[in-house]
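As a plain string of letters, each chain reads:
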2 protein chains.
Amino acid sequence: MSKIYVVGIGPGAYEQMTIKAARALEECQTIVGYTVYVDLVKEHFPGKEFLTTPMRREVERCRMAFAEAAKGKTVAMVCSGDAGVYGMSGLMLTVGKDYPQISVEMIPGVTAAIGGAAVLGAPLIHDFALISLSDLLTPWEKIEKRLACAAQADFVICLYNPSSKKRKDYLQRACDILLQYQPGELVCGTVGQIGREGEAMQLYTLSELREASVDMFTTVFIGNSQTKIIDGRMVTPRGYRLSEEETL
Amino acid sequence: MSKIYVVGIGPGAYEQMTIKAARALEECQTIVGYTVYVDLVKEHFPGKEFLTTPMRREVERCRMAFAEAAKGKTVAMVCSGDAGVYGMSGLMLTVGKDYPQISVEMIPGVTAAIGGAAVLGAPLIHDFALISLSDLLTPWEKIEKRLACAAQADFVICLYNPSSKKRKDYLQRACDILLQYQPGELVCGTVGQIGREGEAMQLYTLSELREASVDMFTTVFIGNSQTKIIDGRMVTPRGYRLSEEETL
């Protein structure tokens, strides 16, 4: 039976992927993916066949992977971060209905929320909500509702796709919703280019974040009411009691 | 300057950790952690010094790591999954205030939500909320509020710590809250022993999940209104348009 691995390569390149992911890429003959992600792994897996499609050609990319596997090859579909978080896992399983003779195995990876949190400190230590601000595939009203509900429940919030050329003011619009429920002093942070050259973190208050300019390679973290800054790092306490006065 | 790595080893053992995590464990002299997690890595890193503390001795465990690093050793604090998600990162940075001469670096890992999702299929493809049902360190009222808000906003929900000896009915109580906002037919799933021997997944409706018995090694996934079952796997669509009729 032919096999496709759907592999999350982590936020950066080689050393941020799991050992299991690296073994799957070693084992396969063909690596399929979005051009940018294939370029990230190319040098580490010489001798493989590489097939790419540009952005917004996701269905075609999946069919390409299955077509190669149908020829008897072992194929890997690579995604940045984790393939199961705004990635290709779901689409692969859906397209896979047409190829019952090909088995699909997901290999998890470090998504940007997890990778970015490690750069900032420990913002996601407690309950959190992950929300994409891209309204390309989701109605904006649904995104607004999720922002409002997450803020009301005092979740830490991690935002993916906070900006793009066509959506320059989306982070500002999101902050305006959050500011209806949370104070302007709330601790926030951003990480750009996680695990890649140019990785950079920045701390903000929620009011400052509203005025910040971020790009599409940035992941945004909004603290909960307990989140604080410790030695320049963003830390959400879990609730451990150190003494009557101090909760960690 | 002495160094401590706070390392997420992923859901299972060796091959689910990142290459960077494995390199950090190779580099260090001393590995500190909760007994169960240290046992998971022990055989792969012979010749290291291993120090453990039992559950609920987390502050002591952190101080132990800093005390070893203060002797000039490179130390790794290991956590299962990711150290930044209900893990030791936050506590390490807090305790670290007393040790300014020791640098702390987080090395991210695959948390149970990500690892479990890969076993079930692709339940977390869209916006999701992560909630722990443990009220050991969080008031139950806060947990209830987060469940209610997440369900109202139609987030996919991933539950950590769904049960324990003292909290046998917590998953049932959580389902009762979710059922106020979501239909009983909602697609749900559980994964036990992710990435370890005995790994097992199970699909449910939300009504069935209410009656299910799960243990503390189980991670629970509650779909959003779009989540479906495709060839026995739990899949949340991202919103790609295949045709007028079909959304993937």
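Here the structure is a predicted model, which is why all the values come from computation and not from measurement. (Residues numbered from 1 in each chain as written. Chains lettered and ligands numbered in written order. Predicted model: local features only at pLDDT ≥ 70, side-chain atom pairs only at ≥ 80, totals over all residues. Heavy atoms only, no water.)

(A) Focus on the relation of the copies chain A and chain B. Least-squares fitting of chain A to chain B yields an RMSD of 0.0 Å, with the superposition described by an axial translation of 0.0 Å and a rotation of 180 degrees. On the angle and the small slide along the axis, the relation comes out as a two-fold axis. A shared binding surface is used by both copies, with 100% of the interface residues of chain A retained as interface residues in chain B. (Least-squares fit on C-alpha atoms with pLDDT ≥ 70 in both. Contact = heavy atoms within 4.5 Å.)

(B) View of helix H7 (residues 170–178) of chain A. Residue and element names in this part refer to chain A. When H7 is considered as a whole, its buried residues turn out to be Tyr170, Leu171, Ala174, Cys175, Ile177 and Leu178. When H7 is viewed along its axis, its buried side chains cluster within an angular range of 155 degrees and face the same direction. Lining the buried residues of H7 we find helix H6 (140–152), strand E8 (156–160), helix H8 (206–211) and strand E11 (218–222). (Buried < 20%, exposed > 50% of the residue type's maximum accessible area, 1.4 Å probe, protein only. Helix = DSSP H or I, 4+ residues; strand = E, 2+ residues; numbered from the N terminus. Arc of directions from axis to C-beta.)

(C) Broad picture of the interface of chain A and chain B. The interface of chain A with chain B comprises 69 residues on the first partner and 69 residues on the second. Of the roughly 6400 Å² buried where chain A meets chain B, counting both sides, 62% is carbon and sulfur surface. For the interface between chain A and chain B, the tally reads eight salt bridges. For glutamate 15 of chain A, the salt bridge is made with arginine 23 of chain B, and the minimal N-O distance between the two is 2.9 Å. Counting the contacts that link chain A with chain B gives 31 residue pairs in polar contact (both at pLDDT 80 or more). For the side of chain A that touches chain B, the element with the most residues is H6 of chain A, which contributes six residues. Each residue belonging to the side of chain A that touches chain B can be placed in one class, and the counts come to 33 nonpolar, 19 polar and 17 charged. In terms of strand pairing, strand E7 (residues 128–132) of chain A meets strand E7 (residues 128–132) of chain B through three bridges, oriented antiparallel. In the sheet register, phenylalanine 128 of chain A faces E7 of chain B, and the bridge partner there is leucine 130 of chain B. (Buried area = accessible area lost by both parts, 1.4 Å probe. Salt bridge = Lys/Arg side-chain N within 4 Å of Asp/Glu carboxyl O. Polar contact = N/O pair within 3.5 Å; in protein donor to acceptor, adjacent residues only side chain to side chain. Nonpolar A, V, L, I, M, F, W, Y, C, P; charged D, E, K, R; others polar. Pairing = 2+ DSSP bridges.)

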